[in-house]
Amino acid sequence: MSDLNSRLQQAVSAGQLLESSARNIGLMLAQSSSPVIAESIGELVEQGAWDELNDRFYKALAFGTGGLRGRTIGKIVTAAERGAPQPLDRPERPCVGTNAMNFYNISRATQGLVAYVKEWFAQSGQPGRPKIVVAHDTRHFSRDFTELTARVATENGCDVCIFEGARSTPQLSFTVRLENAQAGIVITASHNPPHDNGYKVYFADGAQVVEPHAGGIIAKVNAIESDGYTPLPTAEQGTVTVLGAAHDDAYMARLETLILDRPMVAAAAQSGLRIVFTSIHGVGGTIIKPMLDRLGFRYSTVPAQEVADGRFPTVKSPNPENAEALTLAMQLADQDGADLVVATDPDCDRMGVAARNAAGQLELLTGNQIGSLMAYYRVSKLIAQGVITPANAARCVIVKTFVTTDLQKAIAAKHGLRCVETLTGFKYIGEKLGQYEAALPAEVRAQYRALPEPETRALRLAHSSYYVCGGEESYGYSAADFVRDKDGNGAAVVFAEVAAYAKGRGLTLLALLDEVYAAYGFYWEQNGSLTFEGADGAAKIQRLVESYASQAPRAVDGSTVTSTRNFATETFTDEEGAIIPKEKMLMFDLADGRRIAVRPSGTEPKIKFYLFARRAPEVGKSFTSAELAVIKADVKAALERLWNWVQQDVERRLSA
């Protein structure tokens, strides 16, 4: 050990190893008894793999409002990590490091969460033990991390429910509410690369944690420095319950209520609407396939992508917003003559779509377009059914993030609905839904979760706010409050109904979208991101964020910046008068109507840019097809120029 410490200090002196890395290596060696840790560190030191050691140890993987997310397989896999051969060529053990997703950090996170939940539970005066629901996706080590989480939680005095197999993030949210649990955890890194995994926390309302619970949990977790603990006496430990088909059925029964016009859906299915669905090696098929069967839709799946495989071997990235991830499904759709391709990411909270255009070719829709079609259809149908009326429209709400298209705001405004904007992250939409539930009369709140969907809608329309739908541009949507996170299962059901509506009118989905643009205005968005990995990358992202805050551009692509909004330092309120929490995000409004938003990603080593432009028709008028074609070309070209300018500006800022 003394020789190892000497080598580490020599590397620090030579500028090869960061001081923080050396400090964290010493901390992990001192506080964990696993021989794999010492062997892996020793091997990397012998190799002189200082970049790898810096990436693994330059910081402790901090538990934030989104939980944990990081590499579970290193860029270099040590012999101790590789261990015995495993299925799918997975290492036997996860990546060693304080900045990695491994047993060390899973144990710390669970100990801290349990401590907070038990404290809160006791203060609430509830009887018995607190309950936590845990779900996981198909990623490497997801089941291992789930089982460890269950063991740590039960040995520290909580009851735990785990699913019999991989289940989606939205089903976890639903089940926390169904079980009246005090918290939920899902082991997933969503659509991140195969080497990543994560640990996302939900509270008793089924939504991701927000303040004040977020700060309390973070403090508890980050105060725990060791993966070791002393289990409670057996009589004080919790139990593990395995959830299966009955809980799937309960979730699907609620999903079925998302359909607004069952006869129309049945007619479209009979008239030949065909869908291709792919879960991209994830959990989506567990619920979506039986839901499509229940509703009578004709569909095919991609056999190669039905296989649960954390390597995601048939795609470069399991992200349904990327055209490449839908390639196999689109090929199958062309073979089958299908109208629509639906794809979900590994944990099935996001959904992407490809649909036929006028030329009969499949075209990938953006998250903004998908969400806007869902909003347009649901608002229009609910008005036609007499659910939304002039008298109650102000109680109906669409909730979206600031970086999601303003087309949804235009749809809401035209029909008298509210459109509430939140910060990026579905946790803020979930928080809004919790506030609407809290506004109901006390006598119904206690039984709210068990009430049938029509009754909950009537209660919200009468006493609170009826959530029609909502979402974010990053392919996350929902259309009911029984799930408090983005829901790829629900989105697949809702969008299949939108496709049925278009089919029944003899329109392609792209033609239906043009109808929306003609009536409400052409809104176009272009999102870009720049990736900077590792310790050096994190520093570059921080430099850029600080640069935009201290040196905001005065002109962009030849257009004057008319206003700058810094969400980290200024105070803003939403449509309902609520104060927006502080976040590292800046917005620049340009004189020509374009807009730029800049923010660092909370889950990936990226800085993200959101570009917006729009052209609205005169009041009381709609664009003609010819006008719309010209407007589309002009607006898209303007945003392409803007993105080129942004990339050049980033280079200037980093080289300054």
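The structure presented is a predicted model; accordingly, all values stated were derived computationally and were not measured.

Undergrad: Would you take a moment to explain the overall build of the chain for this structure?
TA: When helices and strands are counted, the chain shows 22 helices and 21 strands. Expected size for 656 residues packed as a compact globule is a radius of gyration near 26 Å; at 25 Å, the chain falls within 12% of this value. Dimensions of the chain, computed from C-alpha atoms along their principal axes, come out at roughly 80 × 60 × 50 Å. Residues counted as buried form 58% of the 656 residues belonging to the chain. Contacts in the chain between residues at least 24 apart in sequence constitute 72% of all its contacts with a sequence separation of at least 6. A total of about 24800 Å² of accessible surface is found on the chain, and carbon and sulfur atoms cover 51% of it. Distance between charge centres in the chain, computed from 67 positive and 75 negative side chains, equals 3 Å.

Undergrad: Just checking my understanding: could you explain the sheet that holds strand S20 (residues 595-600) for this structure?
TA: Spatially, S16-S21-S20-S19-S18-S17 is the arrangement adopted by the six strands of the open sheet, whose pairing is antiparallel. Only two strands of the sheet have a single partner each, and these edge strands are strand S16 (522-531) and strand S17 (555-556). Where helix H22 (residues 625-655) meets the sheet, its contacts fall on S16, S17, strand S19 (586-590), S20 and strand S21 (606-615), and the angle it forms with S16 comes to roughly 20°.

Undergrad: Before we go on, may I ask you to explain the side chain of Asp-159 in this structure?
TA: Counting through the fold element by element, Asp-159 comes out in strand S3 (residues 159-163). On the basis of relative accessibility, which here comes to 17%, the residue Asp-159 falls in the buried class. Contact partners of Asp-159, with chain neighbours within four places excluded, come to Arg-129, Pro-130, Lys-131, Ile-132, Gly-238 and Thr-239.

Undergrad: Where do I start with the pairing of strand S13 (residues 418-422) in this structure?
TA: Consecutive side chains along a regular strand alternate between the two faces of the sheet. Within S13, five of the five residues are buried, which leaves the element mostly enclosed by the surrounding structure. Neither face of S13 is exposed, since Arg-418, Val-420 and Thr-422 on one face and Cys-419 and Glu-421 on the opposite face are all buried. Summarising the sheet, strand S12 (residues 396-401) and S13 pair through five bridges and their orientation is parallel. Each residue of the ladder has a partner; that of Val-399, found in S13, is Val-420.

Undergrad: How should I be thinking about the sheet that holds strand S10 (residues 351-356) in this particular structure?
TA: Hydrogen bonds between backbone atoms are what pair the strands of a sheet, whose relative direction is either parallel or antiparallel. Judged by pairing direction, the sheet is mixed, and its five strands sit side by side in the order S8-S7-S9-S10-S11 without closing on themselves. One side of each edge strand has no neighbouring strand; the edge strands of this open sheet are strand S8 (298-301) and strand S11 (362-364). Across this sheet, the average inter-strand angle for adjacent strands is 25°, counted without regard to direction.

Undergrad: Explanation requested: unusual backbone geometry in the structure shown.
TA: In this chain, Glu-211 is followed by Pro-212 through a cis amide linkage whose omega measures 5°. Following the sequence through the fold, Pro-212 ends up in the loop between strand S5 (196-203) and helix H9 (213-222). For Ser-190, which is not a glycine, the phi torsion comes out positive at approximately 55°. Topologically, Ser-190 is positioned in the loop between strand S4 (183-187) and S5. Phi at His-281 is positive, roughly 70°, even though this residue is not glycine. On the secondary structure map, His-281 appears in the loop between strand S7 (274-278) and helix H12 (285-295).

Undergrad: It is not clear to me how the side chain of Arg-167 should be interpreted in this structure. Could you clarify?
TA: For Arg-167, the location among the structural elements is in the loop between S3 and helix H8 (169-178). Residue Arg-167 is classed as buried on the basis of its relative accessible area, which comes to 6%. Within the structure, Arg-167 has its side chain in polar contact with the side chain of Asp-248 (distance 3.0 Å).

Undergrad: Would you take a moment to explain the environment of Ser-601 for this structure?
TA: Mapped onto the fold, Ser-601 is located in the loop between S20 and S21. Residue class for Ser-601 comes out buried when judged on its relative accessible area of 14%. It is 9.0 Å that separates the C-alpha atoms of Ser-601 and Ser-529, two residues lying 72 residues apart in sequence. Dropping the residues within four chain positions of it, Ser-601 is found in contact with Lys-606 and Lys-608.

Undergrad: What is the right way to read helix H6 (residues 103-123) from this model?
TA: Think of an α-helix as turning once every 3.6 residues; residues three or four places apart then point the same way. Along its 21 residues, H6 runs 30 Å from first to last C-alpha, staying within 8% of the 30 Å computed at 1.5 Å per residue. Among the residues trailing H6, Gly-125 stands out with phi positive, at a value near 70°.

Undergrad: Explain helix H21 (residues 534-550) here, please?
TA: Taking 1.5 Å per residue, 17 residues should reach 24 Å; H21 reaches 25 Å between its end C-alpha atoms and fits that length. For H21, the complete set of buried residues consists of Ala-535, Gly-537, Ile-541, Leu-544, Val-545, Ser-547 and Tyr-548. At its buried positions, H21 is contacted by helix H4 (50-57), S19, S20, S21 and H22.

Undergrad: It is not clear to me how the packing of H6 against helix H7 (residues 142-155) should be interpreted in this structure. Could you clarify?
TA: Helix packing for two helices is described by the angle between their axes and how far apart those axes are. Interaxial distance between H6 and H7 falls to 9 Å at its minimum, and their mutual angle equals 40°. Classed by the angle they form, the pair H6 and H7 counts as oblique. The handedness of the crossing between H6 and H7 comes out as right-handed. Residue-level contacts link Phe-103, Ile-106, Ser-107, Thr-110, Gln-111 and Val-114 of H6 to Asp-144, Phe-145, Leu-148, Thr-149, Val-152 and Ala-153 of H7. Grouping the amino acids of the contact of H6 with H7 by side-chain chemistry returns seven nonpolar, four polar and one charged.

Undergrad: Please clarify how the packing of aromatic side chains should be interpreted in this entry.
TA: For any two aromatic rings, the description comes down to two numbers: the centre-to-centre distance and the angle of the planes. Counted under the stated rule, the structure contains 16 aromatic pairs. For the ring pair Phe-174 and Phe-482, a centre distance of 6.2 Å and an interplane angle of 90° mean the geometry is edge-to-face. Of this pair, Phe-174 sits in helix H8 while Phe-482 sits in the loop between strand S15 (476-478) and helix H19 (488-504), and the two are 308 residues apart along the sequence. Residue class for Phe-482 comes out buried when judged on its relative accessible area of 7%. Measuring from centroid to centroid gives 4.7 Å for Phe-567 and Phe-572, while their planes differ by 35°, and the two rings are tilted. A network of ring pairs unites the aromatic residues Tyr-548, Phe-588, Phe-609 and Trp-643 as a single cluster. Between Arg-595 and the ring centre of Phe-612, over which it is positioned, the NZ or CZ distance is 4.1 Å. Stacked on the ring of Trp-645, the Lys or Arg Arg-652 has its end atom at 5.5 Å from the ring centre.

Undergrad: Would you explain the pairing of S5 in this entry?
TA: Burial analysis of S5 places eight of its eight residues in the buried class, which makes it a mostly covered element. Along S5, one buried face is formed by Asp-196, Gly-198, Lys-200 and Tyr-202 and the opposite face, lined by Asn-197, Tyr-199, Val-201 and Phe-203, is buried too. The pairing of strand S1 (residues 68-71) with S5 spans four bridges and is antiparallel. The partner of Leu-68 across the bridge, within S5, is Tyr-199. Relative to S5, S4 runs antiparallel, the two being bridged by four bridges. Within the sheet, the bridge partner assigned to Ile-185 lies in S5 and is Val-201.

Cut-offs and rules
- Along each chain, numbering runs from 1 in the same order as the chain's sequence is written.
- Totals for whole chains, interfaces and linings use all residues, but because this is a predicted model, local features are given only for residues with pLDDT of at least 70 and pairs of side-chain atoms are given and counted only at 80 or more.
- Side-chain figures throughout are based on the complete set of non-hydrogen atoms in the structure, without hydrogens or water.
- Helix and strand assignments follow DSSP, with helices taken as H or I runs no shorter than four residues and strands as E runs no shorter than two, numbered in order from the N terminus.
- Each radius of gyration reported is based on C-alpha atoms, and the globular scaling rule is 2.2 Å times the count of residues to the power 0.38.
- For every residue, the accessible area obtained with a 1.4 Å probe (protein chains only) is divided by the maximum for its type, and the residue is called buried under 20%, exposed over 50%, and partly exposed between those limits.
- Two residues qualify as a contact provided that any one of their heavy atoms is within 4.5 Å of a heavy atom in the partner residue.
- Working definition of accessibility: Shrake-Rupley area with a 1.4 Å probe, residue cover restricted to the visible protein chains.
- Neither His nor the chain ends contribute to the count of charged residues, in which Lys and Arg are positive and Asp and Glu negative.
- For charged residues, the charge sits on one atom: NZ in Lys, CZ in Arg, CG in Asp, CD in Glu.
- Whether two strands pair depends on DSSP finding at least two bridges between them.
- The angle between two axes is taken between their N-to-C directions and runs from 0 to 180 degrees, where each axis is a line fitted to C-alpha atoms and a helix contributes only its stretch in contact.
- Under the rule applied, a polar contact is a pair of N or O atoms within 3.5 Å (in protein, one hydrogen donor and one hydrogen acceptor; residues adjacent in sequence only if both atoms are side-chain atoms).
- A helix is expected to span 1.5 Å multiplied by its residue count minus one.
- For classification purposes, angles smaller than 35 degrees are called roughly parallel, those larger than 145 roughly antiparallel, those between 65 and 115 roughly perpendicular, and all remaining angles oblique.
- Crossing handedness is defined as follows: a turn of the near helix away from the far one that is anticlockwise and smaller than a right angle gives a left-handed crossing, while the clockwise case is right-handed.
- When residues are sorted by character, Ala, Val, Leu, Ile, Met, Phe, Trp, Tyr, Cys and Pro go into the nonpolar class, Asp, Glu, Lys and Arg into the charged class, and all the rest, Gly among them, into the polar class.
- The criterion for an aromatic pair is that two Phe, Tyr or Trp rings (for Trp, the six-membered ring) have centres within 6.5 Å, with stacked assigned to planes under 30 degrees apart, edge-to-face to planes over 60 apart and tilted to the rest.
- Should the NZ of a Lys or the CZ of an Arg lie within 6 Å of a ring centre and within 35 degrees of the ring normal, that charge is described as sitting over the ring.

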